[in-house]
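Results of the structural survey
If you want the building blocks of each chain, they are given just below.
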Amino acid sequence: RKAGRRHRLVARVRPVPGAGRGEMDHFAEMQIQSGGNVTGGRKRYVVTPTTAPVEIQHLPVNQSREIVERLKLNKENNLQNALIEVKDRALAAAALPRAEKRQLAWERAQTHISILRWVPALNASIVKADLAAGLTVGVMVIPQSISYAAIAGMPYVYGMYSAFVPTIIYAALGNSRHQVVGPVAIVCLLIEVGLRGRLTDEECPAWYAQDVATQEKVFTQYELCPTAYAQLAMLLALLVGLLQLAGGLLNVGFLVSFLGHPVMSGFTSGAAIIIGLSQVKDWLGYPVANSPVVHTTLINIFKDIHKTNGATLGLGITWFVALYAMRYASAKYKRLSFLRAAGPLIMCLVGICMMWAAPSLRSELGIKIVGQIPEGLPPWSGSTLKTGTLGRLITPAISIAVIGYMELIAIGKSLAAKHGYELPPGQELMAVGVANVFGACCSCFPVSGSFSRSAVNNAVGAKSQLSSFITGVIMFLTLLVLTPVFFYLPKFCLASIVISSIISLIAINDARELWRVKKADWFLWVFAFVATLFLGVEEGIAAAVGVSLVIVIFESVRPQIVILWRLPGTEIYRNVKQENSGEFVKGVLIVRIGASMYFANVAYIRDVLFSYIREYSAINEVRYVVIEMTAVTSIDSTAIHALEGLVKDLRMRKIALAMTSVGNRVEKTMKLAGLFEMIGPGWFHARVHDAVVYCLRHELTEMLPTGQHAFLLPVAEDTRAGYLPGGGYSLGPAMQHNGLGHRNAPRAGMHRPSDDDRSTGDDSDDEALSPGQRVSVHV
C-alpha cells in the first residue's frame, strides 16, 4: 500500500504552468515506481537549465551593502585613499590593548616568515614525506650546482654555496611548499653574459694584456681573474636581491606581464641552445671562445675542429645517452622514477670511479677533471663587496631580477594551484630577494626557482618547506665532508649533465601549438627565439619585449568596432558576425567599441564609425547612432575632444548620438569635461534597447507638426513613453530637449482616446503626419 501511495503521489505531479514540457525526470519517476530496478536511459521528461523552474533569492540589503564595503567598490583606487587606509590601520593598531598588539604582531610575522607557520604544523607523516623529498632533491642538486656554476663562469664550489644558503633562507621565508630555490641554467647564463667584459683594467689586467695587436681575446675574464669575477658576481647577487625586495615592497610584480608566454618560451628555447653550445668545449677537449651569439660560437667551434679529442667526445656522448635513457625510463616506468633525480649523481660517481681507477685517461688521453674543490662552509663576503660600483651592473641585474622572478612565480603558482593553496606574488618576490641578499654576503651568485628540482620535489611527495630545508642541509653536509670526492669528476660528465638538462627547455611543441592557435603569438615566439640566438641573450629578450609591446599598442590603436543588430522578437542585440538571423532597426546604427578610448585610437574609431554610417546610409538613411561602451573602461582628454567633434559633425548631418553602458569612471570624466551635458543626459542609457526606443520616440517628436498645423495625437496609456493617461500628453523632460539644440513643448488639451483610436502600427516613410493620423512606435 505504501508503494501504491508513492505511485499515486508521483502520478499526481503536474508540470509547472508556463514552464513547458520537461519538468519531471522520467528516469527518476520510473526508479521510484520500480523500487530502483530500472536500468534504461532517460526517455521523456528531462529537466534542463532552460526549462526547470527557478526562484531568484536576493541577499538582504544590509548584507549586500556589507559586500560592497568589503570589496571597496564605493572607493576610488588612488594614492590619497591608500594613504588614508594605511593611516586608519595604524591608528586602529595603536589603539589596541597590549595583548592584542602582541597577537597582531605575531600574525604579521607569520605572514612574512613562513617558518613560523609550517614548523608548528609538522607531524610524523609530513616529516616522513618531506625527508624523502628533501633527500631526493639533495642528491639531484649536488651535480647540478657544480654544472651550473660552470655556465655562470664561476668556480665549482660557488655553485654549491648557492645551493646551500639561499635554499635555507627561502625555506624560512617563502610561501611555496614545493618550490626549490638555487642555481638555475637560464639565470647562470644571464650572469655570464651580463658580467662579460665588465671587470676593469685594474681588476683584471691579464685579460686586457692578451693579444693587444689583434684585439683577439681567447680567454675570458673569469678564466684569467676568477677571484675578481666571483666578487663581481656576488655584488650582482646583492643588487638583484635589492631590486626584488624593492619590487615586493612596492608591489610591482605586474611588470612581468610584459613578458608573455610566447616571449618567455622563445627566449628560453634560444637560451637553452646557447647554454648547450657553451658546454660543447668540454666534449671536444679544446678551448672555445664563448660568444653571446650562436653564429660566432659555431665559427669558434668549427675553426679548430681538427683539435677534437676523440676520447673525450666519445665519453661525453656516451654519458649524454645514458642520462637521456635514465630520464626516459623514469618517465615510462614507475619503478625507475628515482632515476630522474639520482641519474646525474649516478653518472658522476661512475665517472669519478673510472678516472680514479684509470689514471692513463688523464695522462695519455688528456681527459680533464674538476680538481680540488675547497671544503667547509661558505666564507663571509659581505665586507668585500664594493657597493660603489653597483652602477655598472644595473642592466644585467634588472634582466636577472625580472626573468628570475618570472621563473619563480610560474613554478610556484602552478604547484600551488595543483595543491589548493594561495601564493602571494609580492611575498614570494621579497622572499627570493632576501635569499639573494643573504647569499651575496655568503659567497653566492644570483639564484631563482628551479623547474626540474621543484618538479621532482613535488613528484616525490613534499608536503611543506621542510623538504627544501633538508635539501639545504644535504648541501651543507656535502660542503663539510664530501668535496674531496669530486676531485676526479670528469668535466665531460658535467657538460653531459647540462646538455641533457636543457633539452627539455627547447619548447618546439609550444611553437606548433601557437601556430595552430594564434599566428601573432607564434611570430613572437619565433622572433624571441631568433633574436636570442643571433642578437644575444639580453638584446634578444629586450627586442622581443619591444615587439610584443608594439603588437599590444597596434591592437589597442585599432580596437574592435562591431555593428550590432537585434535578435527577432527580443530586446537582445548581438554582433552581426555572431548571429546569422538578425534585424536592423530602421534609421538606427548600433556599434560597440571594444577597448578604452585614448589619444592613439580615437582617430581610427572616428574613421571607422563614419565609414559604417556611409555604407549603412546607402541602404537606409542613418538618423541615430547608438554606441555601446561596455568595454570602454577609461577615456582621456584627447578622446573627449574627439567625441565633442564627433557630436558636432553628426549634428551637422542631422544625426543624433546616444550611448549605453557607460562606466562610472568614463561618465565622471565626461561630466567633468562637459561632454555629458553637451550630448544631453537623456541620450545615456543602461541598455542598448532602451537607447533604441528613446531614439525612435525622439524621431516621433521630430515628426510632430508645429504652429498652425498642430493637431492632437491619440494618447497611449503608458507613462513611461511620455504619455499621460486621463486627459493629458507629455514628452517628459528628456523628450522636451532632444539634444540637437531645440525643444518641443507639450501640447495642452489633449483628449484620452478610446480603444478604437489606438493604432497597431504604421510603416509610412512620410516626413510629416497628417491631422488625425494614428501613430505607434515599433521596436
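Residues numbered from 1 in each chain as written. Predicted model: local features only at pLDDT ≥ 70, side-chain atom pairs only at ≥ 80, totals over all residues. Heavy atoms only, no water.

Topic: the overall build of the chain
Here is the rule we go by: Counting from the N terminus, the helices are DSSP H or I runs at least four residues long and the strands are E runs at least two residues long. Partly exposed residues are those whose accessible area sits between 20% and 50% of the maximum for their type, while under 20% is buried and over 50% is exposed, using a 1.4 Å probe and protein chains only. Residue contacts follow a heavy-atom distance rule, with two residues in contact if any of their heavy atoms lie within 4.5 Å. The protein chains shown are the only cover counted for residues, whose accessible areas, like all others here, come from Shrake-Rupley with a 1.4 Å probe.
If you tally the helices and strands in the chain, you get 32 helices and ten strands. Here the chain holds 779 residues, and 45% of them are scored as buried. In the chain, of all internal contacts separated by at least 6 residues, the share reaching a separation of at least 24 is 75%. As presented, the chain carries roughly 40300 Å² of accessible surface, and 60% of it is formed by carbon and sulfur atoms.

Concerning the state of the cysteines
Selection criterion: When two cysteine sulfur atoms are found within 2.5 Å, that pair is recorded as a disulfide.
A full pass over the atoms with the stated rule returns one disulfide. Bridging C204 to C225, the disulfide has an S-S length of 2.1 Å. Here C204 and C225 share a disulfide; its torsion about the S-S bond, 85°, makes the bridge right-handed. With C204 in the loop between α10 (185-195) and α11 (205-209) and C225 in the loop between α12 (221-224) and α13 (226-250), the pair connects residues that are 21 residues apart, well separated along the chain.

Regarding the sheet that holds strand β5 (residues 588-593)
Put simply, the rule is: Strand pairing follows a simple DSSP-based rule, namely that at least 2 bridges must link the two strands. Axis lines are fitted through C-alpha atoms, for helices just across the contact stretch, and the angle between N-to-C directions can take any value from 0 to 180 degrees.
Read from one edge to the other, the open sheet built from six strands follows the order β4-β3-β5-β6-β7-β8, with strand pairing classed as mixed. Edge positions in the sheet fall to β4 (573-575) and β8 (684-685), since each has one partner strand and no second. Relative to β8, strand β7 (residues 656-660) runs parallel, the two sharing two bridges. Each bridged residue has a counterpart across the sheet, and for M659 the counterpart in β8 is F684. Where helix α27 (residues 602-617) meets the sheet, its contacts fall on β3 (561-566), β5 and β6 (624-628), and the angle it forms with β5 comes to roughly 150°.

Brief notes about unusual backbone geometry
The phi dihedral of S443 is positive, around 65°, even though this residue is not glycine. Secondary-structure assignment places S443 in the loop between α20 (425-440) and β2 (448-449). Its relative accessible area of 2% is what places S443 among the buried residues. Notably, S661 is not glycine yet its phi reads approximately 55°, a positive angle. Structurally, the position occupied by S661 is in the loop between β7 and α29 (664-673).

Examining the nonpolar core
To keep it simple, the criterion reads: Among buried residues, those of type Ala, Val, Leu, Ile, Met, Phe, Trp, Tyr and Cys that are joined through side-chain atoms within 4.5 Å constitute a nonpolar core.
Ranked by internal contacts, the top residues of the largest apolar core, which has 133 residues, are M154, I191 and F267. Excluding residues within four positions of it along the chain, I191 makes contact with A152, Y229, L236, I400, F445 and P446. One finds V625, L650, F676 and F684 within the second-largest nonpolar core, a separate group that totals 52 residues.

Some words on the pairing of β3
When you tally the buried positions in β3, you get six out of six residues, the bulk of the element. The two faces of β3 match: I561, I563 and W565 on one face and V562, L564 and R566 on the other face are all buried. Here β3 folds back onto β4, and the loop between the two strands holds six residues, one of which, G569, carries a positive phi near 75°.

As for the pattern of salt bridges
Defined as follows: We count a salt bridge whenever a side-chain nitrogen from Lys or Arg sits within 4 Å of a carboxyl oxygen from Asp or Glu.
Per the counting criterion, the structure on display carries eleven salt bridges. For E192, the salt bridge is made with R196, and the minimal N-O distance between the two is 2.5 Å. Residue classification places E192 among the buried positions, given a relative accessible area of 6%. As a salt-bridge pair, E579 and R574 come within 3.4 Å of each other at their nearest N and O atoms. Several salt bridges converge on common partners, so that one network encompasses E571, R687 and D690.

A look at helix α17 (residues 339-357)
Helical geometry note: an α-helix holds 3.6 residues per turn, so side chains three or four residues apart project in the same direction. Listed as buried for α17 are L339, A341, A342, G343, P344, L345, M347, C348, G351, I352 and M355. Looking at the buried side of α17, the elements it contacts are α7 (124-152), α16 (310-332), α18 (360-363), α21 (451-460) and α23 (491-502).

Some words on α21
Those residues of α21 that sit buried are R453, S454, V456, N457 and N458. Looking at the buried residues of α21, the elements they touch are α7, β1 (181-182), α17, α19 (394-419) and α22 (466-482). Count one or two residues on from α21 and you reach G461, which has phi positive near 115°.

Topic: the packing of aromatic side chains
Just so we agree on the cut-off: Aromatic rings from Phe, Tyr and Trp, taking only the six-membered ring of Trp, are treated as a pair when their centres fall within 6.5 Å; an angle between ring planes under 30 degrees marks them as stacked, one over 60 as edge-to-face, and anything in between as tilted. Throughout this description, the term charge over a ring refers to an Arg CZ or Lys NZ atom that lies within 6 Å of the ring centre and within 35 degrees of the ring normal.
Evaluation of the coordinates by the stated rule reveals 17 aromatic pairs. Consider the rings of W525 and F529, whose centres lie 5.2 Å apart with planes at 15°: the pair is stacked. Of this pair, W525 and F529 both sit in helix α25 (residues 519-535), four residues apart, roughly one helical turn. The burial state of W525 is the same as that of F529; both residues are buried. Seen in terms of ring centroids, W565 and F584 are 5.2 Å apart; in terms of plane orientation they differ by 55°. Their pairing is tilted. Of the two residues, W565 sits in strand β3 while F584 sits in the loop between β4 and β5, which places them 19 residues apart along the sequence. One aromatic cluster in this structure is built from W283, F320 and Y324. The ring of Y421 carries R177 above its face, with NZ or CZ at 4.2 Å from the centroid. The positively charged end of K519 is found above the aromatic ring belonging to W515, 4.7 Å away from the centroid.

Here we look at the side chain of H178
Quick reminder of the rule: Nitrogen and oxygen atoms within 3.5 Å of one another constitute a polar contact, given that in protein one can donate a hydrogen and the other can accept it, and given that sequence-neighbouring residues count only through two side-chain atoms.
Along the chain, H178 turns up in the loop between α9 (165-173) and β1. Judged by relative accessible area, which is 2%, H178 ranks as buried. Within the local environment of H178, its side chain forms a polar contact with the side chain of Y421, the two groups lying 3.2 Å apart. A polar contact of 3.1 Å, which involves the side chain of H178, links it to the backbone oxygen of A462. When neighbours within four sequence positions are excluded, H178 is seen to be in contact with L415, H419, Y421, S454, N457, N458 and A462.

Looking at the confidence of the model for the chain
As a reminder, the rule being used: On a range of 0 to 100, pLDDT expresses the predictor's confidence in each residue.
This prediction gives the chain a mean pLDDT of 81; 79% of its residues lie at or above 70. Taking the mean pLDDT of every element in the chain, the minimum, 34, falls on strand β10 (residues 728-729) and the maximum, 96, on β6. In the predicted structure, residues 1-47 sits below a pLDDT of 50 and forms 41 contacts with residues beyond four places in sequence or in another chain.

Details of the packing of helix α24 (residues 508-517) against α25
Let me state the cut-off plainly: Orientation labels follow simple angle bins: below 35 degrees gives roughly parallel, above 145 gives roughly antiparallel, 65 to 115 gives roughly perpendicular, and whatever is left gives oblique. In this classification, the charged set is Asp, Glu, Lys and Arg, the nonpolar set is Ala, Val, Leu, Ile, Met, Phe, Trp, Tyr, Cys and Pro, and all remaining amino acids, among them Gly, are polar.
Closest axis-to-axis distance for the α24/α25 pair is 6 Å, and the angle between their directions is 150°. One finds that α24 runs roughly antiparallel with respect to α25. Residues I508, D510, A511, L514, W515 and V517 of α24 form the contact with α25, whose participating residues are K519, D521, W522 and W525. Counted by class, the contact of α24 with α25 contains seven nonpolar, no polar and three charged residues.

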